[in-house]
Number of protein chains: 2
Amino acid sequence: MASSIPDEVMMDAALIKELVEVAKDAALLQGVLMRTEESPNSSELVTYAPFTLFPSPVPKSVFLQALAVQTHFNTLVDKISQDMDFLQEALASTIEVDDFTARLFKIHQQILQEGRSQSIVLGLNRSDYMLDQREDQNSSLKQIEINTISASFGGLSSQTPHVHRHILKVAGRLEESQRILDNNPAAGLARGLAKAWELYGSERAVVMFLVEVDQRNIFDQRYIESELWKRNIPTVRKRFDDVYKTGSLDPDKRLLVDGKEVAVVYFRNGYMPQNYTNEQCWDVRLMMERSQAVKCPDISTHLAGTKKVQQVLARPGVLERFFPDQPQVVQQIKETFAGLYTLDMGPEGDKTVAMALAEPNRFVLKPQREGGGNNIYGSEIVQVLKEVRGSPERTAYILMDKINPAPIQNYLLRRDAPLAISNCLSELGVFGAYIRYNDVCSLQCMAIFTQ
Amino acid sequence: MASSIPDEVMMDAALIKELVEVAKDAALLQGVLMRTEESPNSSELVTYAPFTLFPSPVPKSVFLQALAVQTHFNTLVDKISQDMDFLQEALASTIEVDDFTARLFKIHQQILQEGRSQSIVLGLNRSDYMLDQREDQNSSLKQIEINTISASFGGLSSQTPHVHRHILKVAGRLEESQRILDNNPAAGLARGLAKAWELYGSERAVVMFLVEVDQRNIFDQRYIESELWKRNIPTVRKRFDDVYKTGSLDPDKRLLVDGKEVAVVYFRNGYMPQNYTNEQCWDVRLMMERSQAVKCPDISTHLAGTKKVQQVLARPGVLERFFPDQPQVVQQIKETFAGLYTLDMGPEGDKTVAMALAEPNRFVLKPQREGGGNNIYGSEIVQVLKEVRGSPERTAYILMDKINPAPIQNYLLRRDAPLAISNCLSELGVFGAYIRYNDVCSLQCMAIFTQ
């Protein structure tokens, strides 16, 4: 990756102003686009998706480590999704306090009872990392979370290398420009979807993108649609409400929506409670799960990506259950784990509470629910834990070691935002794609950078 | 080219609605962009450039004819630009009534007197056609005009084939989709500019895009900049005012702007009177023409593209002057000419007036000035000619046979415009690029579709 940009460039106000203009136009031309907050369902006026003027450097060794471990994460997620006892045990306490997980789990159980009508599973996940910077040490790769549903930005991040290469050239940094790697998660994600569609085996069936009510990030998804159309695979975009109104299962449990058979349901919605605006959304989720369509992901794989599962995996001996004869795999995965601690009722959870209250600045308190952005830090941890320490409410949280990435100076470009140097903390996201069929798991992986 | 779209598609309101959404997003993702009318110098919010939902069909024979004749037009323009007597004679009457042409001509004369300081000339022109549809005949290619300065849409039209292919696929017209040709004028125009830069022979010198005050169509130009940067050729964008403030000639007549030597001046401004907002613009034009920088185009090539020259070329015997031993070339060019008639004072012009008044619907009356959009038709021709018939004012116009293209039904997509079928009249534009140096003329040509 490109090294940090020297001060002579960062501090040259005239050059930066010119580069920012070039950068915005390059991002727009390369399709790094978003709809506006005020009109999330209109493409009449659009803007560039927020991005940094310069690329964020990642040490090569850490980058290769993240790629190498991705295949093991794919396998792990897939194994968890098939281990009913493990999921039940791991999520038992969460289900009691978190209605969202409870409803997902109920669907998961119903499907198990009925028997699955589709044995093919497509997984498209993204494992997110930060580079932990400890004194006197090299940076080390620490997983923040793994997203097993609706992992986004595979489309837009396919384009950012072109933008950054161009900017560095115009900045006179030709050598750095040439060190930026290619990146094409959109093609990789589409390859997974195409394979699932092909295995489903009906030429006229479609890949259905289950999309949100407000579609600001539609362009990220359009890249994947476009890759599928290049292979002559038809795609449709439907909301929960569309599927409720025009969807049904035929006697063979084929999913029909608006008159078309659905080969693959690709979830770009349904990952957080707010997505289920009414009971009909839940009816639709159940219908899709019961159907013959390949789900990306199926309900069990969705559950395998919850924060509670992530925390349980960090316990001693748990990873070994999934890789009994592969100590090296266990080791590779463990190296990416930050400390994760339960807040379940009982002595282990009590210990976590005490530890957090003693040194709150060492930790981050995370709600188990998906959706992000609600993490709790510092004195607020003390406040929250003092409130919930004695009640099962505390089970709704997970405690995690705080990761300390070294901030990197950069310019954040975002519509109408004033131009200023920021101290940026970046995440590195690695996509993984896999398909399970006939009990054989075919694995692929590919990389992106998120910021 | 794709054939017309069948009614079953054109009239399927639900399908069209879906296709339009897909089309707008595809155009945006492919970079078919424009800034907004309200903020022509901001890239915070942008829209798609106006385009048609479906491609416009062009018969293969006509298309190949337009490509074949382009090389001859390049040669013709270049020969005219070097024929001082011809230019003087052809433009004499225009100069008397049109101040803009007069000022250009004055610069042209001053350069001739001083002697040119740069022998390399780069021409990037675009010849525009319509397909004339006469009873019981095949469509025939008729030139509307040739633009020898600021010919635009080479960038955006490089992207429209991708958009139309995608739309036709989604519309279920796979076969038509596969018949859309590739198109990359941006690369061809950049090749010309790169060659000129290389011949100029200074690695640190830049290609300067002379741009308008309001830059709505910046993205069209960004494509060409991007192609140049790919070759590590630096580009800058400057307005007349920037060059006035920071530009100068050194003792060797090297053009320096904002501290950088300019290898090539690429005019994307300066083609119509309104572009010269004050006397300083004219000073700048003169300075650039006097400089060692390669001009695209130089002042003489600019003049070679005026409507008056086009009309004079249509007179019997004139083309032969430029191609004395090439009757086939003369024939090929002539086939693309519609009838063009002088309105100069004298018996020939009087004949034109009488002809136009007798059958006004057969003609179009064109002001000689550049800029487009001011053509006069039908009863208005009668009105205007009755006013000016006896005075030299009539010399400001050219009369041309009206071309009757067959309208094609299509949907015009334009920001916030209501969706409706339109009868579209399309133009076919063919780009030509050439460089003259050491008295050798190196010719290239390439094609686009404009609409």
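Residues numbered from 1 in each chain as written. Chains lettered and ligands numbered in written order. Predicted model: local features only at pLDDT ≥ 70, side-chain atom pairs only at ≥ 80, totals over all residues. Heavy atoms only, no water.

- The name recorded for chain A in an unreviewed UniProt entry is Glutathione synthetase, from Xiphophorus maculatus.
- What UniProt states about chain A under its Subunit (unreviewed entry) heading is, verbatim, "Homodimer."
- You can read under Sequence similarities (unreviewed entry) in the UniProt record for chain A the words "Belongs to the eukaryotic GSH synthase family." (UniProt positions renumbered as here; feature names shortened; annotations may be inferred.)

**Brief notes about the overall build of chain A**
Stage number 1. Counting its secondary structure elements, chain A contains 17 helices and 19 strands.
Stage number 2. With the C-alpha coordinates of chain A rotated into their principal frame, the extents come out at 65 × 55 × 45 Å.
Stage number 3. Look at the contacts in chain A between residues 6 or more apart in sequence, and 74% of them connect residues 24 or more apart.
Stage number 4. Approximately 18,900 Å² of chain A is accessible, and the part contributed by carbon and sulfur atoms is 47%.
Stage number 5. Distance from the positive charge centre (49 side chains) to the negative charge centre (57 side chains) of chain A: 2 Å. (Helix = DSSP H or I, 4+ residues; strand = E, 2+ residues; numbered from the N terminus. Contact = heavy atoms within 4.5 Å. Areas by Shrake-Rupley, 256 points an atom, 1.4 Å probe, with all protein chains shown as cover. Lys, Arg positive; Asp, Glu negative; His and termini not counted. Charge placed at Lys NZ, Arg CZ, Asp CG, Glu CD.)

**Points about helix H3 (residues 60-81) of chain A**
Stage number 1. In a regular helix each residue adds 1.5 Å, so 22 residues correspond to 32 Å; H3(A) covers 32 Å between its end C-alpha atoms and thus fits that length.
Stage number 2. Residue Gln70(A) marks the point of greatest curvature in H3(A), where the axis turns by about 30°. (Expected span 1.5 Å × (residues − 1). Bend = angle between axes of the 7 residues up to and from the residue.)

**Let's talk about the confidence of the model for chain A**
Stage number 1. Here chain A averages 93 in pLDDT, and 95% of its residues register 70 or above.
Stage number 2. Predicted as a complex, the structure gets a pTM of 0.93 and an ipTM equal to 0.92. (pLDDT = per-residue confidence, 0-100.)

**Considering the interface of chain A and chain B**
Stage number 1. The partner chain B presents 32 residues to the 32 residues of chain A that form the contact.
Stage number 2. Interface of chain A and chain B: buried area, both sides summed, is about 2,800 Å²; carbon and sulfur atoms make up 56% of it.
Stage number 3. Together, Leu29(A), Glu44(A) and Trp229(A) form the three largest contributors to the area buried by chain A at its contact with chain B, with a combined 26%.
Stage number 4. Run the count over chain A and chain B and you get 6 salt bridges.
Stage number 5. Close ionic contact of Arg222(B) with Asp25(A) constitutes a salt bridge, the shortest N to O distance being 2.8 Å.
Stage number 6. The interface formed by chain A and chain B includes 19 residue pairs in polar contact (both at pLDDT 80 or more).
Stage number 7. Those elements that provide at least two residues to the side of chain A that touches chain B are helix H2 (13-29), strand S1 (33-35), strand S2 (46-48), helix H6 (160-170) and helix H9 (218-230) of chain A. (Buried area = accessible area lost by both parts, 1.4 Å probe. Salt bridge = Lys/Arg side-chain N within 4 Å of Asp/Glu carboxyl O. Polar contact = N/O pair within 3.5 Å; in protein donor to acceptor, adjacent residues only side chain to side chain.)

**So, the state of the cysteines**
Residue and element names in this part refer to chain A.
Stage number 1. Summed over all chains, the structure comprises 0 disulfides over all chains.
Stage number 2. Free cysteine: Cys281, not disulfide-bonded; nearest cysteine sulfur from Cys296 at 19 Å.
Stage number 3. In this structure Cys281 comes out as buried when scored by relative accessible area, which is 4%. (Disulfide = S-S within 2.5 Å. Buried < 20%, exposed > 50% of the residue type's maximum accessible area, 1.4 Å probe, protein only.)

**Points about the pairing of strand S6 (residues 206-210) of chain A**
Residue and element names in this part refer to chain A.
Stage number 1. Taking burial as the measure, the 5 residues of S6 include 5 buried ones, the bulk of the element.
Stage number 2. On S6, burial covers both faces: Val206, Met208 and Leu210 on one face and Val207 and Phe209 on the other are all buried.
Stage number 3. In this structure, S6 lies alongside strand S10 (residues 260-267), joined through 5 bridges in parallel fashion. Looking at the pairing, Leu210 lines up with Phe267 of S10.
Stage number 4. Direction of pairing for S6 relative to strand S7 (residues 235-238): parallel, over a ladder of 4 bridges. By the bridge assignment, Val207 is partnered in S7 with Thr235. (Pairing = 2+ DSSP bridges.)

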